[in-house]
Amino acid sequence: MTPAPVIRLARLDDLPAIVAIYNHEVAHGVATFDTEPWSVDGQRGWLAAHASPQHPLLVADQSGTVGGWASLSPWSTRCAYARAAEVSIYVHQDHRSCGIGRALLGELIARARAAGLGVLLARIETSGTVSLALHRAVGFRSFGTMRRVGEKLGRILDVELLDLHLDGA
C-alpha cells in the first residue's frame, strides 16, 4: 500500500516535476486548454506569484516524488473579485486513483477558508468525469456549461463551471 502523500507548499526545486506533470496534460489531455508546453524557467514567476496565503501552490510529496500539484489562482485581476479563487489540480499519470487529488483539494479548501476567501471556482472539461466527481464530492456545485468553447486534440470541448461557497451563502 502506498503511504499517504504529504501535502506541502511547493518549492523551487519542485518546479521541474510540476512542469512535467502539466506538460503531459498539455500534450495528451484536455484538463488544460494550453497547447504549448511550459518551461521551468518560464514558470518561475508563476511559482513566485503563488506564495500568498490566498493563492498557494501545493504539491503532494510521496517520499520525495511529486505525485501531483494544486493551486489557487486569482479568478480575475479586478479587485472586486479578490474573494474568489480558481482551483487547479493536476496528478501525475502514474499516481492517479490513489487519493492524491482528494488530498490536494481538501488542503486547498482548508487554506482558502483560513485565508478568508469566500468562493472557489473550477472550470472542468465535461469529459473529465473523475475530476467533476471529485469536486462534487467535496461540495462544489455546477452553475453552468460553456458550450463548444475549446478545441484541442481534434475535439470541440465544453467546460463545466463549478463553485464552492466557503462563506455559507
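Novice: Would you mind going over the overall build of the protein chain with me for this structure?
Specialist: The helix and strand tally for the protein chain stands at four helices and eight strands. From first element to last, N terminus to C terminus, the protein chain shows the α and β order β-α-α-β-β-β-β-α-β-α-β-β. Relative to the compact-globule value of 15 Å for 169 residues, the protein chain shows a C-alpha radius of gyration of 15 Å, a close match. Along the first, second and third principal axes, the C-alpha set of the protein chain runs to 40 × 40 × 35 Å. Each of the 169 residues in the protein chain was classed as buried or not, and the buried ones make up 43%. In the protein chain, once contacts between residues fewer than 6 apart in sequence are set aside, the share between residues at least 24 apart is 62%. Counting only carbon and sulfur atoms, one obtains 53% of the accessible surface of the protein chain, whose full area is about 8,900 Å². Across the protein chain, the mean location of the 16 positive side-chain charges is 5 Å away from that of the 16 negative side-chain charges.

Novice: It is not clear to me how helix α1 (residues 15-28) should be interpreted in this structure. Could you clarify?
Specialist: An α-helix turns once per 3.6 residues; consequently, residues spaced three or four apart project the same way. For α1, with 14 residues, the first-to-last C-alpha span of 20 Å sits near the 20 Å given by 1.5 Å per residue. Among all positions in α1, only Leu15, Ile18, Val19, Ile21, Tyr22, Asn23, Glu25 and Val26 are buried. Close packing links the buried residues of α1 with α2 (44-49), β3 (55-62), β4 (65-74), β5 (84-91) and β7 (141-152).

Novice: Would you explain a nonpolar patch on the surface in this entry?
Specialist: On the surface, Phe33, Met146 and Val149 cluster together to form a nonpolar patch covering roughly 230 Å² of accessible area. You can see phenylalanine 33 is positioned in the loop between α1 and α2.

Rules and cut-offs
Residues numbered from 1 in each chain as written. Predicted model: local features only at pLDDT ≥ 70, side-chain atom pairs only at ≥ 80, totals over all residues. Heavy atoms only, no water. Helix = DSSP H or I, 4+ residues; strand = E, 2+ residues; numbered from the N terminus. Rg over C-alpha atoms; globule rule 2.2 N^0.38 Å. Buried < 20%, exposed > 50% of the residue type's maximum accessible area, 1.4 Å probe, protein only. Contact = heavy atoms within 4.5 Å. Areas by Shrake-Rupley, 256 points an atom, 1.4 Å probe, with all protein chains shown as cover. Lys, Arg positive; Asp, Glu negative; His and termini not counted. Charge placed at Lys NZ, Arg CZ, Asp CG, Glu CD. Expected span 1.5 Å × (residues − 1). Patch = residues over 30% accessible without salt bridge, like charges linked within 9 Å, V, L, I, M, F, W, Y side chains within 5 Å. Salt bridge = Lys/Arg side-chain N within 4 Å of Asp/Glu carboxyl O.

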